[in-house]
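Structural overview
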Amino acid sequence: MSEVKKREHEDDNSDNDSHSNNGTSKLIKLDASQLKPSQTLYIKNLNDKINPRIVKHNLYLLFSTFGDVIQINNRKRGQAYIVFGDVDSATLALRSLQAEPFFNKPLAINYSINESKIITTLKRQQEAIESSDT
């Protein structure tokens, strides 16, 4: 299952700014089955006619049944990133909710290409705590 994405606009949660190519869009083919499992899910095909606050609230209600939801980012209409507390919860949600109707549109869910900033920050803090303990 291949799809085309605009890589430099793919993940607002990313720490990696290497996607920038001086304002031009570079389209690349992604094989969703090759994405590495992560705590962050990329959701697309959201109904953009619904108020974003309502969408965010309902995404939380739906996805929090699978584990701890740390953050939901739905700044772009029709898309969202959901950050879970662990990879297993994200994987369970992805498998369980793929193509599930949400405001009359089927959810399209994949793992995010990039790690979210909040996860990177939490990992650094944990590493700092562990290194100070030794």
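Since this is a predicted model, take the numbers as computed values, not measurements.

1. Details of the overall build of the protein chain
- A count of helices and strands for the protein chain gives three helices and eight strands.
- When the helices and strands of the protein chain are listed from N to C terminus, the series reads β-β-β-α-β-β-α-β-β-β-α.
- Across the 134 residues of the protein chain, 37% fall into the buried class.
- Excluding contacts between residues fewer than 6 apart, the proportion of contacts in the protein chain whose partners are at least 24 apart in sequence is 67%.
- Carbon and sulfur atoms make up 49% of the accessible area of the protein chain, which amounts to about 8,300 Å² in all.

2. Re the confidence of the model for the protein chain
- In this model, the protein chain carries an average pLDDT of 84, and 77% of its residues clear a pLDDT of 70 or more.
- Of the regions scoring below 50 in pLDDT, residues 1-21 engages in 61 contacts with residues more than four places distant in sequence or in other chains.

3. As for the pairing of strand β3 (residues 40-44)
- With four of five residues buried, β3 is to be regarded as a mostly interior element.
- Relative to strand β5 (residues 79-84), β3 runs antiparallel, the two sharing five bridges. Of the residues in β5, the one forming a bridge with L41 is I82.
- Across four bridges, the pairing between β3 and strand β8 (residues 108-111) is antiparallel. If you follow K44 over to β8, its bridge partner there is A108.

4. Focus on helix α2 (residues 87-97)
- Within α2, burial applies to S89, A90, T91, A93, L94 and L97.
- Against β3, α1 (52-63), β5 and β8 lie the buried residues of α2.
- N-capping of α2 is provided by D86, with a side-chain oxygen placed 3.2 Å from the backbone N of D88.

Conventions adopted
- Residues numbered from 1 in each chain as written.
- Predicted model: local features only at pLDDT ≥ 70, side-chain atom pairs only at ≥ 80, totals over all residues.
- Heavy atoms only, no water.
- Helix = DSSP H or I, 4+ residues; strand = E, 2+ residues; numbered from the N terminus.
- Buried < 20%, exposed > 50% of the residue type's maximum accessible area, 1.4 Å probe, protein only.
- Contact = heavy atoms within 4.5 Å.
- Areas by Shrake-Rupley, 256 points an atom, 1.4 Å probe, with all protein chains shown as cover.
- pLDDT = per-residue confidence, 0-100.
- Pairing = 2+ DSSP bridges.
- Polar contact = N/O pair within 3.5 Å; in protein donor to acceptor, adjacent residues only side chain to side chain.

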